[in-house]
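Chains, contacts and geometry: an overview
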Amino acid sequence: DARVTQTPRHKVTEMGQEVTMRCQPILGHNTVFWYRQTMMQGLELLAYFRNRAPLDDSGMPKDRFSAEMPDATLATLKIQPSEPRDSAVYFCASGLSQAQPQHFGDGTRLSIL
Amino acid sequence: GENVEQHPSTLSVQEGDSAVIKCTYSDSASNYFPWYKQELGKRPQLIIDIRSNVGEKKDQRIAVTLNKTAKHFSLHITETQPEDSAVYFCAASPSGGSNYKLTFGKGTLLTVNP
């Protein structure tokens, strides 16, 4: 059963530190999404890629967040410097194309102290 | 952009009863509508989806209906069981062009009481 793999599963760090979250999409999927989930805001789309090219990162705070896909098997989301308000669960999802299901990873639970 | 409204935000039913969750969307270009179930501390998992060329789809105790004219779609769960308790999210997505986004509703917390 193919799955999206995210690391780390949990991360606790102090504010000001750099945080890097990684995602391995399902093999063959060419669209990768980063979401942030909080109780207040629900599921928010931060950025997404198709064929490794960024298509939309309008949901991402540009001054501190960056998303990249160095290759087809790895997507990264970085926060530098981190702030307490960044505490959330960050999900990566991958899919094949439009009008196709997105499959979510298990998420990274991030706590910024 | 697309806006998806989901109701109710919480729903409590007795085991064996039916549960219905409703969503409306704003963008007439949307034509793909998945539903996700998220258990506490877990990832959202796709449970059923529907495309605009059909009005209803069933999978065992779960069904989804779509009314494109009214721009709303609904999830129906029959013979609910305690393991159906979770947060359910609807979503909408267009096809065509370069937009691959899913826009999610805010979620419905379903509690099935034994």
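Residues numbered from 1 in each chain as written. Chains lettered and ligands numbered in written order. Predicted model: local features only at pLDDT ≥ 70, side-chain atom pairs only at ≥ 80, totals over all residues. Heavy atoms only, no water.

Another aspect to go through is the pattern of salt bridges. For side chains bearing opposite charge, pairing can occur when the charged atoms are close. Residues and elements named next belong to chain A. Enumeration according to the criterion identifies 11 salt bridges over all chains in this entry. Ionic pairing is found between R64 and E83, a salt bridge with its closest N-O pair at 3.5 Å. Of this pair, R64 sits in the loop between β6 (53-56) and β7 (65-71) while E83 sits in the loop between β8 (74-79) and β9 (88-95), and the two are 19 residues apart along the sequence. You can call E83 partly exposed: its relative accessible area is 22%. (Salt bridge = Lys/Arg side-chain N within 4 Å of Asp/Glu carboxyl O. Helix = DSSP H or I, 4+ residues; strand = E, 2+ residues; numbered from the N terminus. Buried < 20%, exposed > 50% of the residue type's maximum accessible area, 1.4 Å probe, protein only.)

Residue and element names in this part refer to chain A. Among the structural elements, T76 can be located in strand β8. For T76, a relative accessible area of 8% translates into the label buried. Leaving out residues up to four positions away in the same chain, T76 has contacts with M21, R22, W34, S66, A67 and E68. (Contact = heavy atoms within 4.5 Å.)

Let us now look at unusual backbone geometry. Of note, the bond from T7(A) into P8(A) is cis; its omega dihedral lies within 30 degrees of zero at -10 degrees. For P8(A), the position within the fold is in the loop between β1 (5-7) and β2 (10-13). Across the junction of Q80(A) and P81(A), the peptide omega takes the value -5 degrees, indicating a cis bond. Phi is positive for Q60(B), which is not a glycine, with a value near 60 degrees. Here E79(B), not a glycine, exhibits a phi torsion of approximately 45 degrees, which is positive. Residue position: E79(B) is located in the loop between β8 (72-77) and β9 (86-94).

What follows is about the confidence of the model for chain B. Interpreting fine coordinate detail is not advised for predicted regions of low pLDDT. When the pLDDT values of chain B are averaged, the result is 93; 96% of them are 70 or greater. Mean pLDDT across the elements of chain B bottoms out in strand β10 (residues 103-104) of chain B (92) and peaks in strand β3 (residues 19-25) of chain B (98). (pLDDT = per-residue confidence, 0-100.)

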